[in-house]
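A look at the structure
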Amino acid sequence: GLSDGGGTDLGSVTVLYGSESGNAEEQAKNLLHDIRARGLKGQVSALDDFEFNDLPGQKIVVLVVSTCGLGEFPQNCKNTWLKLQSQELSMSWLNGVKFCVFGLGDSTYCQFCVAAESFDVRLGELGAERILKRGVGDDRDEDKYYTGWENWLPELWTALHVPQVPPVRAVPEPSYRVDASPGLASAPPVADDELAPPGATRLVLLKNMLLTPEAMAYDRDIRHYEFKIEGTSVSYKTGDSMAVWPRNPTDQADAFCGMMGLDAGEQLRVVPLDGARNWCPEELSTRQLFTHVLDVFGKPNKKFFETLSLFAKDEHEKAALESIVAGSDDGKKFYRDLVHDFASHADVLKRFPSARPPLMHLINMVPALKPRSYSIASSPLMHPDKIQLCVVQVDWTVPSSAEFRIGEATGYLKAQQPGAQVMCAVRQSAIVLPKHPTAPIIMAGMGTGVAPWRAMTQDRVVQKRRGMEVGPCLLFYGARYAQYEYLYQQEFEQYVAEGVLTMHTAFSRDQARKVYVQHRLVEAGPYVAELLLRQQGHFYVCGSARQVPEDIYAAMKRVVMASEKCGEDDAEAMLSNLKMEGRYTVEAWS
């Protein structure tokens, strides 16, 4: 619903968002705070929660819209987009409305920010006046979508004729009322498993199995997880992904409470007020607030530093925080150092001990824990009652302290024992399956990037076992060592024996010259081109987004150039057409 606010009537800004995983929503709600701080009135809403027929009555509309996968619109803006398509709307329907659009997306995918672009074009066609060119935030940028956002924001303030820096920098009104009463951390007012984020379903973990060697101190922890969906409302399709909401470790949450001078056992009653950004249960303990709700061990954005500076009592600390907000040379260096150190909200609060925002502010300053999505590694044809995942642990060493840290979601999953209840949601992915099981499929998977292709292969295996005719199924699998990282080896060898699958493996460190999947693709080039270009095949690639999609694309370009005896431009045009047809699919993660 809407969240309204006061201010002098220099104009009223309506911020509308289309958000799937919560990033666009977070930016939109941050923007509302920034707009009000500059003296404008404002309101914020998901696009589909806003009364469509009220659009022509708005003075200024700012849209913040993400794009999912292969050009999918977020669920909470699809209805608005459908209504905007109506031929009954006149070209002057939005006359008098000023607008601009910011898009969030991932440039790995061919339909980059297409949802934002579509809204931008359509509002202009319906007579609205564009006051600023469309901004884009790319998940691939150094600072993710914040890079584009930070570049676009100063232009927005200029377009709105408001100051770049708020005229008065005062502690904002709290967005939550928090009443605390004594209690014990071991006896919270609500059981842990009852604290479910919006959109999440509790699934029971059936299996947590290490796939890489345990005996040796191997540097990669890859695990196979199984979740029970029998008897729940959850179902899935081949190619879908599953979102998992992590929880923060209890010992870390308690240490954070200690550092902040908070009692982990206190029982809280939380009431959202105007401008509240995060979901938060009405009743919970302080410990649960930091284990289940707030992402205190996640990376802060610039807005966090800006608000934190208002609470700093020490002048040196206040100046350091303000330098980050102002973007001075010192501030930029300080911020870069923090980013390089993977600093979390907790790290920053530790570094600035005089800045101690009370809970009623902290709940709004720190974003809620966001779910992480993993490609489902099973087929519902073979495993209708369970969902399987294949997940590699994310870990790193903090440069300044040499402290070893594990990613929130993968660390949380690793610690769960069979029988644990995990908050999950199935998400549709960008993977387009062939219409017929006879269509050839060529899959390239690096490490745990093999997960969705295992699911797709299982589909074909079940179909063949049921007596159906299935087309060629090629899997190009890459990892470092065959001995340690040939995931699901026996299973894949069984599918090869059944005549369903052809395997091409590349284990980069098993020989002096490093061999990667792209080399195997080029070696098998004539057959790959035959299946893809002449037999209407589908090509799929899944792996880390750092370099994999570009390397595979370069290899496929060579395959097409050799097969069609054409130049680079023609090969790129052919691959581009395949992407538009949904026959060249990239699943990548950062």
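Refer to the structure presented above.
In short, a report on the structure. (Residues numbered from 1 in each chain as written. Predicted model: local features only at pLDDT ≥ 70, side-chain atom pairs only at ≥ 80, totals over all residues. Heavy atoms only, no water.)

Remarks on the overall build of the chain
Across its full length, the chain carries 19 helices and 23 strands. Looking at the chain as a whole, 53% of its 590 residues qualify as buried. Expressed as a percentage of contacts within the chain between residues at least 6 apart in sequence, the contacts between residues at least 24 apart total 78%. Considering the chain, the positive charge centre built from 61 side chains and the negative charge centre built from 75 side chains are found 2 Å apart. (Helix = DSSP H or I, 4+ residues; strand = E, 2+ residues; numbered from the N terminus. Buried < 20%, exposed > 50% of the residue type's maximum accessible area, 1.4 Å probe, protein only. Contact = heavy atoms within 4.5 Å. Lys, Arg positive; Asp, Glu negative; His and termini not counted. Charge placed at Lys NZ, Arg CZ, Asp CG, Glu CD.)

Digging into the pattern of salt bridges
For the coordinates displayed, the defined rule picks out 36 salt bridges. Arg465 serves as the salt-bridge partner of Glu498, at 2.6 Å between the closest nitrogen and oxygen. Note that Glu498 is positioned in the loop between helix H15 (489–497) and strand S21 (502–507) and Arg465 in helix H13 (residues 451–465), a separation of 33 residues in sequence. Taking the relative accessible area as the measure of exposure, Glu498 reaches 21% and is therefore partly exposed. The class for Arg465 is exposed, based on a relative accessible area of 51%. Between Glu568 and Lys557 there is a salt bridge, with the nearest N and O atoms lying 2.9 Å from each other. Of this pair, Glu568 sits in helix H19 (residues 568–580) while Lys557 sits in helix H18 (residues 548–564), and the two are eleven residues apart along the sequence. Three or more residues joined by partner-sharing salt bridges are found here, namely Asp219, Arg220, Arg480 and Glu485. (Salt bridge = Lys/Arg side-chain N within 4 Å of Asp/Glu carboxyl O.)

Details of the packing of H18 against H19
Helices that pack against each other are described as a pair by the angle of their axes relative to one another and the distance between those axes. Relative to each other, H18 and H19 sit at 115°, their axes nearing to 9 Å. Overall, the two elements H18 and H19 adopt an arrangement that is roughly perpendicular. The element H18 and its partner H19 pack so that their crossing is right-handed. Of the residues in H19, those in contact with Tyr553, Met556, Lys557, Val560, Met561 and Glu564 of H18 are Glu568, Ala571, Glu572, Met574, Leu575 and Lys579. Looking at side-chain class alone, the contact of H18 with H19 contains seven nonpolar, no polar and five charged residues. (Axes fitted to C-alpha atoms, helices over the stretch in contact; angles between N-to-C directions. Parallel < 35°, antiparallel > 145°, perpendicular 65-115°, else oblique. Left-handed = near helix turned anticlockwise from the far one by under 90°. Nonpolar A, V, L, I, M, F, W, Y, C, P; charged D, E, K, R; others polar.)

Examining the sheet that holds strand S12 (residues 267–272)
Each strand in a sheet pairs with another by means of backbone hydrogen bonds, the pair being arranged parallel or else antiparallel. Taken together, three strands build an open sheet; the order of strands is S8-S12-S13 and the sheet is antiparallel. The sheet is open, and its two edges are formed by strand S8 (176–181) and strand S13 (283–285), each paired on a single side. On average, each strand axis in the sheet is tilted by 30° relative to the strand beside it, whichever way the strands run. The sheet contact formed by S12 and S13 spans three bridges and is antiparallel. Along S13, the bridge assignment pairs Arg269 with Glu283. (Pairing = 2+ DSSP bridges.)

Examining the nonpolar core
Counting residues in hydrophobic clusters, the biggest one holds 37 residues, and the most contacted among them are Phe256, Leu289, Phe290, Leu294 and Leu308. When residues of this core are traced back to their parent elements, those giving at least two are helix H5 (250–260), S12, helix H6 (286–293), helix H7 (302–309), helix H8 (315–326), helix H9 (329–340), helix H10 (345–351) and helix H11 (359–365). Contacts of Phe290, omitting those with residues within four sequence positions, involve Asn248, Ala253, Phe256, Cys257, Leu262, Val296, Leu359 and Leu362. Core analysis: the next-biggest nonpolar cluster, separate from the first, contains 28 residues, Val541, Met556, Val560 and Leu578 among them. (Core = buried A, V, L, I, M, F, W, Y, C linked by side-chain atoms within 4.5 Å.)

Comments concerning the side chain of Asp295
Residue placement: Asp295 occurs in the loop between H6 and H7. Buried and without a salt bridge, Asp295 has Arg372 as its closest oppositely charged side chain, separated by 4.8 Å. Non-local contacts of Asp295, meaning those with residues more than four positions away in its chain, are made with His345, Val366, Pro367, Ala368, Leu369 and Glu408.

Details of the sheet that holds strand S14 (residues 372–375)
A sheet is described by the order of its strands in space; here six strands give the open sequence S14-S11-S18-S9-S10-S15, paired in antiparallel fashion. The sheet is open, and its two edges are formed by S14 and strand S15 (386–392), each paired on a single side. Pairs of neighbouring strands in the sheet enclose a mean axial angle of 40°, with direction left out of account. By the bridge criterion, four bridges tie strand S9 (residues 201–210) to strand S18 (residues 421–427) in an arrangement that is antiparallel. Bridged to Val204 within S18 is Gln421. Strands strand S10 (222–228), S14 and S15 of the sheet are contacted by H13, whose axis makes an angle of about 145° with S15.

Structural notes on the environment of Gln421
Looking at the element boundaries, Gln421 is found in strand S18. In this structure the C-alpha to C-alpha distance between Gln421 and Thr232, which are 189 residues apart in sequence, comes to 13 Å. Other than its neighbours up to four places away in sequence, Gln421 contacts Asp193, Arg202, Leu203, Arg247 and Tyr412. Looking at Gln421, its side chain comes within polar contact range of the side chain of Arg202, at 3.4 Å. (Polar contact = N/O pair within 3.5 Å; in protein donor to acceptor, adjacent residues only side chain to side chain.)

Observations regarding unusual backbone geometry
Not every positive phi belongs to a glycine, and Phe342 is a case in point at roughly 55°. Assignment of secondary structure puts Phe342 in the loop between H9 and H10. Phi is positive for Lys565, close to 50°, though the residue is something other than glycine. Within the secondary structure layout, Lys565 lies in the loop between H18 and H19. Residue Lys565 is classed as exposed on the basis of its relative accessible area of 74%.

Geometric values such as these leave the question of function open.
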